[in-house]
Amino acid sequence: MANPKIVVVGSSNTDMIIKLERIPRPGETLLGGEFAMAAGGKGANQAVAAARAGGDVVFVARVGDDMFGEQAVSGFVRDKICVDYIVRDKRAPSGVALIFVAKDGQNSIAVAGGANARLSPSDVRRATRAISEARALVLQLETPLPTVQAAVNIAARSGVPVILNPAPARPLPDRLLARVSILTPNETEAELLTGVAVTSESAAERAGAKLLARGVGTVILTMGAKGAFVINRELKAMVPGFKVKAVDTTAAGDVFNGALAVALGEGRPLLESVRFANAAAAISVTRLGAQPSAPKRGEIERVLRSR
Ligand code: RIB
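Report on the accompanying structure. (Residues numbered from 1 in each chain as written. Predicted model: local features only at pLDDT ≥ 70, side-chain atom pairs only at ≥ 80, totals over all residues. Heavy atoms only, no water.)

1. Considerations on the sheet that holds strand β7 (residues 107-112)
1) Next: Strands sit in the order β3-β2-β6-β7 across an open sheet of four strands; the sheet is mixed. Here the strands that pair on one side only, and so sit at the sheet edges, are β3 (34-40) and β7. When the angles between neighbouring strand axes are averaged without regard to direction, this sheet yields 20°. (Pairing = 2+ DSSP bridges. Helix = DSSP H or I, 4+ residues; strand = E, 2+ residues; numbered from the N terminus. Axes fitted to C-alpha atoms, helices over the stretch in contact; angles between N-to-C directions.)

Dropping the structure here:
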């Protein structure tokens, strides 16, 4: 079977990471950290995760006409991602994220979006053909909402399933949600969208039901190490996560979405696809950095076979 074609529309950043005992408080200086620089950005992480999981990936994005943009694009090429729809922006720098990673793997992230904030509906329309031919369109919210809506509209016209990871959290209009096949919020994002504090499986079900009522096809609420709660009009189920020792949770959600798109694009059933995505995300949290942590297909399959 040919690798499923996945189009990802979204952000690309360079991550400046400091790993230290704990996240500094406002006004505090903490010594003793270790520095690393790695490719990141929610969209780019999803694209790389999908490519390594076995997708034939097209990435639609904007980077600056600078060294970081150059390095990001070279990385995509190494992962055999189609870069034909990546614009090199002469007026804005490439996106940068400053990330603190604490000893327990939790993080805190600040993003200077740069060129990501200029990804436009017309950039997306240039990729109309690629989107219309895809097995899935994957998006997040680090680029402007009109751009996200434009991509979703193209997919909807061709009946292409849309996977929207609503991160970073922001309110979303019903006209967008009604065209989303699969919405993948974490607990914080689900709370922002529904007002339900997701502290248990039953709360996840309540939040999920509210999102279905707004027109979403399926909600997959990711709950960290616990796994993912899946709900649509036919089923509701908790798909348990894989227990691992967390080193860095950065991009676990992005890896989950990239891998999910591939599994669904291959025609696997929904819950099996979520298990595949859980395995990919679990591997990613055992490694430092966003794109460096995205596993290859063989690694995901090994974890799936071992449990
Ligand atoms: O989801 C993790 C990503 O968020 C990081 O790679 C960072 O660039 C920010 O976009």
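And the narrative resumes.
2. Quick word on the sheet that holds strand β8 (residues 136-139)
1) Next: Judged by pairing direction, the sheet is mixed, and its nine strands sit side by side in the order β5-β4-β1-β8-β9-β10-β11-β12-β13 without closing on themselves. Where the open sheet ends on each side, the last strands, each with one partner, are β5 (86-89) and β13 (236-240).
2) Next: Strand contacts of helix α5 (residues 145-158): β1 (5-9), β8 and β9 (162-164), with the helix running at about 170° to β8, the strand carrying the most contacts. (Contact = heavy atoms within 4.5 Å.)

3. Focus on helix α9 (residues 252-265)
1) Next: Here α9 is 14 residues long and its end C-alpha atoms lie 20 Å apart, about the 20 Å a rise of 1.5 Å per residue gives.
2) Next: Among the 14 residues in α9, twelve count as buried, and that is most of the element.
3) Next: Here α9 has its buried residues at Ala252, Asp254, Val255, Phe256, Asn257, Gly258, Ala259, Leu260, Ala261, Val262, Ala263 and Gly265.
4) Next: With its phi angle positive at about 90°, Gly267 sits one or two positions after the end of α9. (Expected span 1.5 Å × (residues − 1). Buried < 20%, exposed > 50% of the residue type's maximum accessible area, 1.4 Å probe, protein only.)

4. Digging into the site of the ligand
1) Next: Surrounding the ligand, one finds 13 residues, the nearest of these being Asp15, Gly41, Lys42, Glu142 and Asp254.
2) Next: Between the ligand and the protein, one listed contact pairs an oxygen atom with a side-chain N or O atom of Asn13 at 3.0 Å.
3) Next: In this structure, Asp254 approaches the ligand through a side-chain N or O atom, which is 2.7 Å from an oxygen atom.
4) Next: Bound to the protein, the ligand loses 97% of the 280 Å² it would expose on its own.
5) Next: Going through the elements one at a time, β2 (13-19) and α1 (42-53) are the ones with two or more residues in the shell around the ligand.
6) Next: When grouped by side-chain class, the residues that make up the shell around the ligand number four nonpolar, five polar and four charged. (Near = heavy atom within 4 Å. Polar contact = N/O pair within 3.5 Å; in protein donor to acceptor, adjacent residues only side chain to side chain. Areas by Shrake-Rupley, 256 points an atom, 1.4 Å probe, with all protein chains shown as cover. Nonpolar A, V, L, I, M, F, W, Y, C, P; charged D, E, K, R; others polar.)

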